Amino acid sequence: MSSPAVFLDRDGTINEEMGYISEPDRVLLLPQAIPAIRRLNEAGLKVVVITNQSGIARGYFLPHTLQDIHQRLQDLLAEGGAHLDSELIYYCPHGPDDPCTCRKPQPGLIKQAAQEHDLDLSKSYLIGDRYRDIEAAANAGVKGILVLTGYGRGEYDHLRGLSPAQPVYVAQDLLDAVAWILADLNNVL
């Protein structure tokens, strides 16, 4: 039986937005990341990261460095009793001008994760700090939630109403978004 999932953008949603993170020690979790992800874990929801990482295409870092960065992310979450359900963090290594189906707002990575982990997209959510995250959610058939961390506040102020896809909820941070999801799921069930 397929299960719902919560897809998370990485930079600006889980960890601080600081441009291209090219070293593991630059991964700094946002204050609400661990309790938010731990609440999703306790609720039995699958948690999967979907992230654009064009720094690879731009030559800012190599794929093995990105693996080290993602291991650091996993380690920091584990220290706080939280975890991602997929050992893989799904990422697009392409640049914005490269033709691909995996770079958000395209839904390729979400659909790949759903297929590989038997996830029910119709009951799933995506949380991100960019409108391209919200568009990716709409393109994949999941509910998109915009957080006001990272680029979220600026994107909301400038793109609210202009983007072809709008969030179902605008959250102060990841913990606020998770509380909304858990309430929404209780209303649906």
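Each remark here, short or long, concerns the structure printed above.
Residues numbered from 1 in each chain as written. Predicted model: local features only at pLDDT ≥ 70, side-chain atom pairs only at ≥ 80, totals over all residues. Heavy atoms only, no water.

Looking only at helices and strands, the protein chain has six helices and six strands in total. Going from N to C terminus, the protein chain has its helices and strands arranged as β-α-β-α-β-α-β-α-β-α-β-α. For 189 residues, the compact-globule estimate of 2.2 N^0.38 gives 16 Å, and the protein chain sits close to it at 15 Å. With respect to the principal axes defined by its C-alpha atoms, the protein chain has extents near 45 × 40 × 35 Å. Looking at the protein chain residue by residue over its 189 residues, the buried ones come to 50%. Intrachain contacts of the protein chain at a sequence separation of at least 6 include 68% that bridge at least 24 residues. Accessible area for the protein chain stands at about 8800 Å²; split by element, carbon and sulfur atoms hold 49% of it. Across the protein chain, the 16 positively charged side chains and the 25 negatively charged ones have centroids separated by 4 Å. (Helix = DSSP H or I, 4+ residues; strand = E, 2+ residues; numbered from the N terminus. Rg over C-alpha atoms; globule rule 2.2 N^0.38 Å. Buried < 20%, exposed > 50% of the residue type's maximum accessible area, 1.4 Å probe, protein only. Contact = heavy atoms within 4.5 Å. Areas by Shrake-Rupley, 256 points an atom, 1.4 Å probe, with all protein chains shown as cover. Lys, Arg positive; Asp, Glu negative; His and termini not counted. Charge placed at Lys NZ, Arg CZ, Asp CG, Glu CD.)

Attention now moves to the nonpolar core. Grouped together as the largest cluster of nonpolar side chains are 32 residues, with contacts concentrated most on Ile14, Ile37 and Ile127. Put simply, the parts of the chain that give this core at least two residues each are strand 1 (5-8), helix 1 (33-42), strand 2 (46-52), helix 2 (63-79), strand 4 (125-128), strand 5 (143-147) and helix 6 (174-188). Here this core gets six residues from one element, more than from any other, and that element is helix 6. (Core = buried A, V, L, I, M, F, W, Y, C linked by side-chain atoms within 4.5 Å.)

Moving on, we get to the sheet that holds strand 5. Strands sit in the order 3-2-1-4-5-6 across an open sheet of six strands; the sheet is parallel. The sheet terminates laterally at strand 3 (90-92) and strand 6 (169-171), the two strands that pair on one side only. Ignoring which end each strand starts from, the neighbouring axes of this sheet average 20° apart. Inspection of the sheet shows strand 1 paired to strand 4 by three bridges, in the parallel sense. Its bridge partner being in strand 4, Val6 is matched across the sheet by Tyr125. The sheet contacts of helix 3 (residues 108-117) involve strand 1, strand 2, strand 3 and strand 4, and relative to strand 3 the element is tilted by about 150°. (Pairing = 2+ DSSP bridges. Axes fitted to C-alpha atoms, helices over the stretch in contact; angles between N-to-C directions.)

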